[in-house]
Protein chains: 2
Amino acid sequence: MQMDERKQKILRAIVQDYIATAEPVGSRTIARKFNLGVSPATIRNEMADLEELGFIEQPHTSAGRIPSDAGYRYYVDCLMDTPKLSTEDKNLIEIETAKRISEIEEVISHTAKLLSQLTSLTSIVMGPQKGRSPFGQMYFLPYQPGQAIMVVVKENGAVENHIVDIGNHVTAEELQQVATVFNNKLKGYSLAQVKKTLLHEIYSELTKQRHLLDNALSMLGAVLDDDRNEEKVYLGGTLNMLNQPEFRDFDKVKNLFRAFEEDGRLKKLLYPTQEGVSVTIGGENKLEEFQDCSVISATYRLNGEVIGSIGVLGPTRMDYAKSMGIVDFMTRSLTDLLTKGRKRT
Amino acid sequence: MQMDERKQKILRAIVQDYIATAEPVGSRTIARKFNLGVSPATIRNEMADLEELGFIEQPHTSAGRIPSDAGYRYYVDCLMDTPKLSTEDKNLIEIETAKRISEIEEVISHTAKLLSQLTSLTSIVMGPQKGRSPFGQMYFLPYQPGQAIMVVVKENGAVENHIVDIGNHVTAEELQQVATVFNNKLKGYSLAQVKKTLLHEIYSELTKQRHLLDNALSMLGAVLDDDRNEEKVYLGGTLNMLNQPEFRDFDKVKNLFRAFEEDGRLKKLLYPTQEGVSVTIGGENKLEEFQDCSVISATYRLNGEVIGSIGVLGPTRMDYAKSMGIVDFMTRSLTDLLTKGRKRT
DNA sequence: GTTAGCACTCTCGTTTGATGAGTGCTAACA
DNA sequence: TGTTAGCACTCATCAAACGAGAGTGCTAAC
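Cut-off values and rules
Each chain carries its own residue numbering, running from 1 in the written order of its sequence. Lettering for chains starts from A, numbering for ligands starts from 1, and both go in the order in which the items are written. Totals for whole chains, interfaces and linings use all residues, but because this is a predicted model, local features are given only for residues with pLDDT of at least 70 and pairs of side-chain atoms are given and counted only at 80 or more. Think of the side-chain values as coming from all heavy atoms in the structure, minus any hydrogens and water. What counts as a helix is a DSSP run of H or I of at least four residues, what counts as a strand is a run of E of at least two, and both are numbered from the N terminus. Whether two residues are in contact is decided by their heavy atoms: any pair within 4.5 Å suffices. In this scheme, strands are said to pair when DSSP sees at least two bridges between them. Axes here mean lines fitted to C-alpha atoms, for a helix over just the part in contact, with angles spanning 0 to 180 degrees between N-to-C directions. What is meant by a nonpolar core is a set of buried Ala, Val, Leu, Ile, Met, Phe, Trp, Tyr and Cys residues, joined one to another through side-chain atoms within 4.5 Å. We call a residue buried when its accessible area falls under 20% of the maximum for its residue type, exposed when it is over 50%, and partly exposed in between, using a 1.4 Å probe and counting protein chains only. Each domain span listed reflects an automatic or database assignment of domains. One heavy atom within 4 Å of a molecule or strand is enough for the residue carrying it to be called near that molecule or strand. As used in this structure description, the phrase polar contact means that two N or O atoms lie within 3.5 Å; if the pair is within protein, one of them must be able to donate a hydrogen and the other to accept it, and residues adjacent in sequence are counted only when both atoms belong to side chains. In the scheme used here, Gly and all other residues not listed as nonpolar or charged are polar, with Ala, Val, Leu, Ile, Met, Phe, Trp, Tyr, Cys and Pro taken as nonpolar and Asp, Glu, Lys and Arg as charged. Residues reaching a pLDDT of at least 70 in both copies supply the C-alpha atoms on which the copies are superposed by least squares. If an angle is under 35 degrees, it is roughly parallel; if it is over 145, roughly antiparallel; if it lies from 65 to 115, roughly perpendicular; otherwise it is oblique.

**Q** Is there a simple way to explain the overall build of chain A in this structure?
**A** A count of helical and extended segments in chain A gives 13 helices and 10 strands. Sequence separation of at least 24 residues holds for 60% of the intrachain contacts in chain A that already meet a minimum separation of 6.

Encoded structure:
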């Protein structure tokens, strides 16, 4: 059996109506709402075919049909109007991104909020992976007696500070020596690389200043073991899930929210599979607790390099066209924003 | 009518049984479970009195009784066994706080997690109010051309960095001048005070270096307007609320979780009303969305000064004795931990 | 190939009735 | 006078029964 044009029209009608109403859609409804010029009976015949093809299914006899995962997939790939976002949304995004927020973290979390607002779904935004950015420069500043502020500047421009114990007998000059060693050895290496390969070089270099060694190593450890080197995940609009009729079930909600609390899971959802906007529908998802969710995601860039991704999570019954349009546009404007922000340098 | 000893015993029995089972408790149940040496009929008579006194109420005729807010209050104030925590819990807290975590933010968020684990309730922890801590010292470090890293050290030891635009023609010496002005003028003043009173002084001081003025002011603005100067609120175990039978209602959950997203509301809940552990029961709470919740909170200190508070939120039917014990012990160990941590200076 | 008609299925909301827990009242009892 | 047993009454809860409505699949006619 083949998909002909009428079958496509009917499938599109089913998907669109189900997305809008969340109710199984029957042959009569289609005949009434969508002008296909055929009677309900004909539609019923076609629907039986579509069911055989695996694109739609019946929750129970005598209910209408709902799209299967395969049905949504076919819809997204072949039937959907090209994703386009309303000028309203476009304007809103432009107004919001025009508010120049300097700190990168705020840009990201702001993005998450905006994304969930626009889509009425839950947004997931993955921030830049700090640990991956190469080491740039290190400074020491006076703090309390016996402690110093270590300021580390990464090559991507991120700045972090840590308070380190240095012992009371360490002078400013000695600190400066340590900083110099670090700056020479580490410049341009990612912290992950440092951990693996360069640690012993530094170790041997610093044996010359024996009394600083232990402290220097522990300082480094403080940076390397910092969990926050992991890319951070921002969520927005988690409550929107409660508005979806498919999540009127307490156990589902509990599992979902539990999953929301584990960054690791969320990261897997967003892992970029391709260029541009990617769509993962229902069971295509590897993670059990998101089997009846769909994810639309895309990556954003800084200076041409992919540094993170954004996405929305919703029930499989979501407005794919609208969401894809918004996610697409948001990554573009986020990339622009970051690039422009950097350009100021 | 007066409370006599038997009435007290019965009220205590009702509260305890209801806390344990979440079911309205009847006269027969009390006679069976608690050995009061009287028949159900007698208990019924007493219960009628207790109802008249406003300590218990009936959800409907022919159901058992449940404690009213006033009943819980009487229980907490007069009937409850003194809050005592199990040695298990005590050990767990001690093991957990022994893991020396250096960053204050992590200590706080770790506290929130632990608190919710121990109580099976939702924990709310209010971090120190950064903005309140007086300004201490300021440094500038080189960054990109035209930008510098401004490192601000507060008197409480907090370190923050901000990237500021300085214009291409500003030299390191000029930056140093600005830092000196700021350090002299602001040392020891809270940022809030600075905003109100000292801004124009700095302004007039800096007119001498006209070309730095605008940038200097915007730098200051960046620090002063920083939202993160607000005390941050950490939540733990929000999902625990879903396990409470009183929150098996979707609208309630939605309202509750919506409230969780607004830091302002949560802060009001924790606002310290007295020394030591304070208990707010149901309707005693001013905030509408928490009318059927109780809050147990206490403040923690750094060097004798109250800098934040922790608390747990649960249904009015919660184990007050246990929760109060845990909250009390946690504030103490948190205060110890912070004080010890600081002592290292 | 399309459509009308019809019997059939299944969900959903309502009704009904039985069950059981719990009360309040009264009268008997110590 | 306080306590208890007995009893009628109330009300939520659960399950079964039922009707209405929506939708299908099949058949026969167009």
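That was the structure; now back to the text.
**Q** I tried to follow the sheet that holds strand 10 (residues 305–315) of chain A on my own but got confused; where do I start?
**A** Paired through their backbone hydrogen bonds, the strands of a sheet run either parallel or antiparallel. Residues and elements named next belong to chain A. Here five strands make up an open sheet; going across it, the order is 7-3-10-9-8 and the pairing antiparallel. Each edge of the open sheet is held by one strand with a lone partner, namely strand 7 (233–236) and strand 8 (278–280). Pairs of neighbouring strands in the sheet enclose a mean axial angle of 20°, with direction left out of account. Here four bridges tie strand 3 (residues 122–126) to strand 7, and the two strands are oriented antiparallel to one another. Bridge pairing links Met126 to Val233 in strand 7. The sheet strands contacting helix 12 (residues 263–270) are strand 3, strand 7, strand 9 (293–302) and strand 10, and the helix crosses strand 3 at an angle near 90°.

**Q** Looking at this model, I keep getting lost on the nonpolar core. Mind explaining?
**A** One broad trend across soluble globular proteins is that nonpolar side chains are buried collectively. Counting residues in each nonpolar core, the largest one holds 54 residues, and the members touching the most others are B:Leu11, B:Ile296 and B:Tyr320. Only helix 1 (5–21), helix 3 (40–52), helix 4 (69–79), helix 6 (104–119), strand 8 (278–281), strand 9 (293–302), strand 10 (305–315) and helix 13 (320–343) of chain B provide two or more residues apiece to this core. Here this core takes 10 residues from helix 13 of chain B, the largest share from any one element. Of the residues that make up this core, three or more belong to each of domain 1 (5–79) and domain 2 (87–128 + 232–343) of chain B. Sequence-distant contacts of B:Leu11, defined by excluding residues within four places in its chain, comprise B:Met3, B:Leu50, B:Phe55, B:Ile56, B:Gly71, B:Tyr74 and B:Leu79. A:Tyr75, A:Leu85, A:Ala298 and A:Tyr320 belong to the second largest nonpolar core, which has 53 residues in total.

**Q** I keep staring at the protein's contact with DNA strand C and nothing clicks. Help me out?
**A** The environment of DNA strand C is made up of 21 residues, and the closest members are A:Arg6, A:Thr42, A:Thr61, A:Ser62 and B:Ser27. Within 4 Å of the protein, the contacting atoms of DNA strand C are drawn from sugar and phosphate to the extent of 73%. One of the side-chain N or O atoms of A:Arg6 is found 2.7 Å from a phosphate oxygen in DNA strand C. One of the side-chain N or O atoms of B:Ser27 is found 2.7 Å from a phosphate oxygen in DNA strand C. Put simply, the parts of the chain that give the surface near DNA strand C at least two residues each are helix 3 (40–52) of chain A together with helix 2 (27–33) and helix 3 of chain B. Sort the elements by how many residues they give to the surface near DNA strand C and helix 3 of chain A lands first, with four residues. Looking at the surface near DNA strand C, its residues break down into four nonpolar, 13 polar and four charged.

**Q** What is the right way to look at the relation of the copies chain A and chain B in this model?
**A** One copy of the chain maps onto the other through a rotation about an axis followed by a shift along the same axis. Rotating chain A by 180° about the axis while translating it 0.2 Å along that axis superimposes it on chain B, leaving an RMSD of 0.1 Å. Such a combination of rotation and displacement between the chain copies is what one expects of a two-fold axis. Nearest to the rotation axis, the C-alpha of A:Asn161 is located 3.9 Å from it, this being the minimum over chain A. When you check the interface residues of chain A against chain B, 100% turn up at the interface there too, and the contact is symmetric in its surfaces.

**Q** Is there a simple way to think about the protein's contact with DNA strand D in this case?
**A** Residues in close proximity to DNA strand D total 21 residues, the closest being A:Ser27, B:Arg6, B:Thr42, B:Thr61 and B:Ser62. In the interface set of DNA strand D, defined as its atoms within 4 Å of the protein, sugar plus phosphate atoms amount to 76%. A distance of 2.7 Å separates a phosphate oxygen of DNA strand D from a polar side-chain atom of B:Arg6. Residue assignment for the surface near DNA strand D shows that the elements contributing at least two residues are helix 2 (27–33) and helix 3 of chain A together with helix 3 of chain B.

**Q** Is there a simple way to think about the packing of helix 1 (residues 5–21) of chain A against helix 3 of chain A in this case?
**A** How two helices sit against one another is set out by the angle between their axes and by the gap between those axes. Residue and element names in this part refer to chain A. For the pair helix 1 and helix 3, interaxial distance at closest approach is 10 Å and the crossing angle is 85°. When the axis of helix 1 is compared with that of helix 3, the two are roughly perpendicular. Residues Arg6, Lys7, Ile10, Leu11 and Ile14 of helix 1 form the contact with helix 3, whose own contacting residues are Thr42, Ile43, Glu46, Met47, Asp49 and Leu50.

**Q** Could you clarify how one ought to interpret the pairing of strand 4 (residues 135–142) of chain B in this entry?
**A** Moving residue by residue along a regular strand, the side chains alternate between the two faces of the sheet. Counting buried positions over the eight residues of strand 4 of chain B gives six, a clear majority of the element. Linking strand 4 of chain B back to strand 5 (residues 147–154) of chain B in an antiparallel pair, the connection comprises four residues, with B:Gly146 at a positive phi of about 85°.

Keep in mind these numbers describe shape, not what the thing actually does.
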